[in-house]
Amino acid sequence: MRCKMPKSGFIAVLGRTNAGKSSLINYLLNTKIAMVSHKQNATRRLLKAIVMDGDNQLIFTDTPGLNDSQKAMNKILNERALLASQGSDAILFCASVFDDTSVYEKFLEMNSSLPHVVAITKIDLAKKEQLFAKLREYAKYSEHFSAIVPVSTKKAVFRRELLSEISKILPEAPHYYDSENISDAMAKDIYREFILEAIFECVSEELPYSAEVRVKNVSEGDMLRIEALIITDNASHKGIFISALKNIGIRARKLISALSGQKVYLGLEVVVEKNWLKDEKKLIKFID
Ligand SMILES: Nc1nc2c(ncn2[C@@H]2O[C@H](COP(=O)(O)OP(=O)(O)OP(=O)(O)O)[C@@H](O)[C@H]2O)c(=O)[nH]1
Ligand SMILES: [Mg+2]
């Protein structure tokens, strides 16, 4: 007798910045591993989340949000997002219920041969009529997507429906990872994302965009000890980061402790790497 093969595959999560991609991935995984921010262009790196839907294995790649900015950093982020779809089996396109369909139209113009599902996010913030109107707008493109699913990570609705629609478009294949794993990322890479999230939360306006984080050391004993550098681009920014360091530390420690289940010591130091954002070679190396 032939055993039924599960559906398994890689799904690139694409969409405009701030559409709620990272939040959705955390929700689908039932564990927070991806950084989230109300500020735009928060996610800089690709991050995989391994989600089991029954026996099916869905490996989501969080990607930087698509944007029209001409800044060097943002161009690199766009390229990264599009690259993520190349090695994938399917795409999950995310758009908030308030976004117009222009980003989706641009996505269709890419003519990706991959099957995709559309997730309409943040439906908790919209009236029913707004959601229905948005679904009618997308109905024009129904020949392109295999399903459209409204979701809310705040209300925690339609997780099962979304996973099931994505499973349908994946190939039959054995699992790629042990089903106990939640990500292929190293713990220190997730800690870096959490420190970045704390920076986005604790320092204002444009300043988080001048910062990168490097985790220097992680050691485990009676508690988890992490030493990390916050790198910024000039001395006056350094001063502002130093004054926000206590709050950044408190927030980041909370996130790391929730994931690791351990008490956390977090040693943060602020250093200046002059103009790292303006030197494209340095920029690529820093956000690698
Ligand atoms: N009310 C509500 N807010 C949401 C929901 N999903 C995400 N958000 C908020 O939307 C903002 C952006 O969320 P992210 O998950 O960081 O968005 P993103 O698409 O990953 O953004 P980039 O990384 O910049 O591309 C955050 O403030 C989230 O808390 C939702 O379902 N409901
Ligand atoms: Mg994100």
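Refer to the structure above for everything that follows.
Within each chain, residues carry numbers counting from 1 in the order of the written sequence. Whichever chain is written first becomes A and whichever ligand is written first becomes 1, with later ones labelled in order. Thresholds applied to this predicted model are a pLDDT of at least 70 for local features of residues and 80 or more for the giving and counting of side-chain atom pairs; totals over whole chains, interfaces and linings are not thresholded and use all residues. In computing side-chain values, all of the structure's heavy atoms are included and hydrogens and water are not.

(A) Fine view of helix α2 (residues 72-86). Helix length check: α2 (15 residues) gives 22 Å between terminal C-alpha atoms against 21 Å at 1.5 Å per residue, within 8%. The buried label applies to any residue whose accessible area, calculated with a 1.4 Å probe on protein chains only, is under 20% of its type's maximum; exposed applies above 50%, and partly exposed to all values in between. Only DSSP runs of H or I covering at least 4 residues are called helices, and only runs of E covering at least 2 are called strands; the numbering of each starts at the N terminus. Buried within α2 we find M73, N74, I76, L77, N78, R80, A81, A84 and S85. Should any heavy atoms of two residues lie within 4.5 Å, those residues are counted as being in contact. Buried positions along α2 lie against β1 (8-15), β3 (56-62), β4 (90-96) and α8 (280-286). Between the first and last residue of a helix there are one fewer steps than residues, each counted as 1.5 Å, and that sum is the expected span.

(B) Looking closely at the packing of aromatic side chains. Only Phe, Tyr and Trp rings are paired, with Trp represented by its six-membered ring, and only when their centres lie within 6.5 Å; those with planes under 30 degrees apart are stacked, over 60 edge-to-face, the remainder tilted. Enumeration over the complete set of coordinates arrives at 10 aromatic pairs. Aromatic pair F200 and Y209: ring centres 5.4 Å apart, planes at 85°, arrangement edge-to-face. Side by side, F200 and Y209 carry an identical accessibility label, which is buried. Geometrically, the ring pair formed by W276 and F286 is stacked, given 5.2 Å between the ring centres and 15° between the ring planes. One end of the pair, W276, is in the loop between β9 (264-272) and α8; the other, F286, is in helix α8, and 10 residues separate them in sequence. Relative accessible area serves as the criterion here: at 10%, F286 is assigned to the buried category. The ring centre of F286 lies 5.3 Å from the NZ or CZ of R214, which sits over that ring. Two conditions define a charge located above a ring, namely a distance within 6 Å from the ring centre to NZ of Lys or CZ of Arg, and an angle within 35 degrees of the ring normal.

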